[in-house]
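# Overview (structure and organization)
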Amino acid sequence: MDSITDRIYSFLKSIKLAAFLLVLIGIFAIIGGIIPQGKSLEFYLSHYPKIAKTIQGLGFDHIFTSLPFLALVALFTVNLTVCTVHRFGTELAKPREKRKHGPDLLHIGLIVIIFGSILSARTRTEEMFYLGTGQHLHLPDKMVLQIVALSEEKYDTGRVRSWTTEAIIRQPSPEPTHTDEPYSGGDTLGEEGFADQKLASSLPAMPAAASQTPAETQTAVSVPDGEKVTIKVNAPLRRKGYTVYQFNWKKTQVPVLVDKEGIIKELEPGDRIPTPDGFILFMAFEEAPAPQGAPVSPKAVFLVDSAGKRDLVKVQPGGNIHGYTFQRYDEHPISGLKVISDRWFPLILAGLVLALFGTALTYIKKLKGLNV
Amino acid sequence: MIATIAFGLLIIAQILQSVSLFRTTAKDRISPWLALGSSILLLITVIQRSIAIKFFALTNMYESLLFLAMLASLMAFAITRWKPTSESKALPYSLNILAIIFLALASSPIAPSTIRPPVPALQSGWLVLHVSFTFIGEIFFAVGLVTAILQLTAKTEDNRKKFDRLTYTSIAIGYPIFTAGALVFGAIWAENAWGRWWGWDPKETWALVTWLTYTAYLHFRLVRKNTSKLMPALVILGFAIAMFTFFGVNFLLAGLHSYA
């Protein structure tokens, strides 16, 4: 009579168990494929009023991270591993010319994918940044990625053809500031804000939003020393330990101030202009500007420091602020970059390749043996 | 216009095949060539659109349907040249119908034929591999669907075995191609474009369900051989899920693939 260990081993290596688990995982995937995942109770109440609470109660709102699903995948992994080890041993016992290692490779590939996914899920980091020309971000390897040019190309129909971020990768500034912390997003506040502002002030004057042609828009600043890189959708910047993706693209409106000599200053939120007795700091819009092309005149909110006395000033285009004229709003592109560190993805990729190779090998051998 | 001529050729082929179904003696020698002609015309349309958008024309529902119809009509021709299936009338007949359905859908409002160049996310060689391999795999699954139905309705044991073997063969060819296209190349493209290789997007999830169904079929067949009706039923279910993944997800479930 078989011992309990033999029976457990026999159960775990069974193809019937594998097929049964595949069906169960498929049923879970169907539920997760029908019910939108990771939404709030309000969402389910508005879309599925009768079963909203059941969805949440049974964990169907996060089914792929629910305990039953993870337990199924764990059991499937054990089944796959035991089956693979058993099968591999059986195949090795055969004469070399009769061995079929396709299924073994496929199964090993799947096991590698599962373990790679677990490791990736535990260690992967992802950060999203929105940067304008001249702004920078600190990369995971302590280097600085500084935007030097952003260009948006469009087809004749107005449809977006490409978004391109041109940047340099340079050493961080020697003087320590709060933005020198690793992985911090670029900003224009503080001393580095002034450095960015110097770059921004050398911007060519942007055409007004209404006069922009759909063909191509580009902004650029003088290029500091460093490694030149280009980031586009489907052409991310891959560096050791992390990858930078062109993930999104936005347009932002910036107030344009003109001084008495006619010198133009364009201000991002947080930018400051030094004045003889203090500074003018652009804080924010009183209300969000309307989408591109819409007639808007939101008030811009400035902090004016005059000999230590600080006032909040809300101005519309045409107004005056402490010796400057608020001439107009300009539109600037903002590049949405995603920085991802996923050191286990190569393992997942290796698993995918192994699984693919194993699948092909399995069925090429089977088809050769089929007498159809 | 060229696609309309292709559609016309398929309709004529369908009529000839329908007549041939009722005539046991005469063999229909014309319709396979009409199907091949239709396939070539559809290929020309795909090439024309590719030149117009300066990218491989597989970036929206209309182009996908044209490509699928092209593959189905090509398969309707190829199946008549392959010895094990050359005598079958049901296979080219069904594949012809499938090609006609795809073209009819392409001319419906669900698939606007406006030529639209691809947005940045779609401009990737991995996308072309992802979509084309997935569709090629699915056309083999379509062959499996027909043979599975024939297997279920076969009156003799010999026929059942013959159709079981054909079903298995078509799935065994389609499965690795589909795995490569839908899952492997799709994952590589997603990682390259969005920085994540898998995100449980509805389309991804349903592609996985399709893959799991055919995987379950291949495993069940290992243990239950060719006597069970469960296996052809799984193949029929698998194709239904594959078609839901293509059509249903686009129109019923929101996700990253909403442009496809």
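Notes on the structure in this doc start here. In this text, all values refer to a predicted model and were calculated from it rather than measured experimentally. (Residues numbered from 1 in each chain as written. Chains lettered and ligands numbered in written order. Predicted model: local features only at pLDDT ≥ 70, side-chain atom pairs only at ≥ 80, totals over all residues. Heavy atoms only, no water.)

### Comments concerning the packing of helix 2 (residues 15-34) of chain A against helix 7 (residues 202-224) of chain B
Condition: Whenever a helix is involved, its axis is fitted only over the stretch in contact; in every case the axis is a line through C-alpha atoms, and angles between N-to-C directions fall within 0 to 180 degrees. Here a strand is any run of E in DSSP of at least two residues, a helix any run of H or I of at least four, and the numbering for each starts at the N terminus. Roughly parallel refers to an angle under 35 degrees, roughly antiparallel to one over 145, roughly perpendicular to one between 65 and 115, and oblique to any angle outside these ranges. By definition, turning the near helix anticlockwise from the far helix through less than a right angle yields a left-handed crossing, and turning it clockwise yields a right-handed one. Residue contacts follow a heavy-atom distance rule, with two residues in contact if any of their heavy atoms lie within 4.5 Å.
Remark: helix 2 of chain A packs on helix 7 of chain B, axes separated minimally by 9 Å, with the N-to-C direction vectors making an angle of 160°. Classified by the angle between their axes, helix 2 of chain A and helix 7 of chain B sit roughly antiparallel to one another. The two elements helix 2 of chain A and helix 7 of chain B cross, and the hand of that crossing is left-handed. Residue-level inspection shows Ile15, Lys16, Ala19, Leu22, Val23, Ile25, Gly26, Ala29, Ile30, Gly32, Gly33 and Ile34 of chain A of helix 2 of chain A in contact with helix 7 of chain B, the latter providing Pro202, Thr205, Trp206, Val209, Leu212, Thr215, Ala216, His219, Phe220, Leu222 and Val223 of chain B.

### Considerations on the pairing of strand 11 (residues 278-285) of chain A
Residues and elements named next belong to chain A. The cut-off we apply is this: Pairing between strands is defined by DSSP: at least two bridges between the two strands are required.
Here strand 10 (residues 272-275) pairs with strand 11 via four bridges, running antiparallel. Pairing of Arg272 across the sheet is with Leu281, part of strand 11. Counted between consecutive antiparallel strands, the loop separating strand 10 from strand 11 contains two residues. Pairing geometry for strand 11 and strand 12 (residues 300-306), over seven bridges, is antiparallel. Counterpart to Ala284 in the pairing with strand 12 is Val301.

### Remarks on the sheet that holds strand 11 of chain A
All names here are of chain A. An order of 10-11-12-13 is seen for the four strands of this open sheet, with the pairing classed as antiparallel. The open sheet terminates on both sides in strands that have one partner only, identified here as strand 10 and strand 13 (309-315). Along the sheet, successive strands turn relative to each other by an average axial angle of 20°, direction set aside.

### What about the interface of chain B and chain A?
Formally: Once two parts are brought into contact, the accessible area they lose, counted with a 1.4 Å probe and summed over both, makes up the buried area. Just to be clear on terms, a salt bridge is a Lys or Arg side-chain nitrogen sitting within 4 Å of an Asp or Glu carboxyl oxygen. Any pair of nitrogen or oxygen atoms within 3.5 Å is treated as a polar contact; in protein, a donor-acceptor pairing is required on top of that, and neighbouring residues in sequence qualify only through side-chain atoms on both sides.
At the junction of the two partners, chain B supplies 47 residues and chain A supplies 47 residues. Counting the surface lost from both chain B and chain A, the interface buries some 4,200 Å², and carbon and sulfur atoms represent 72% of this. Along the contact surface separating chain B from chain A lie one salt bridge. Residue Glu191 of chain B is joined to Arg238 of chain A by a salt bridge in which the shortest nitrogen-to-oxygen separation is 2.8 Å. Counting across the interface, chain B meets chain A through 13 residue pairs in polar contact (both at pLDDT 80 or more).

Structural measurements only, silent on function.
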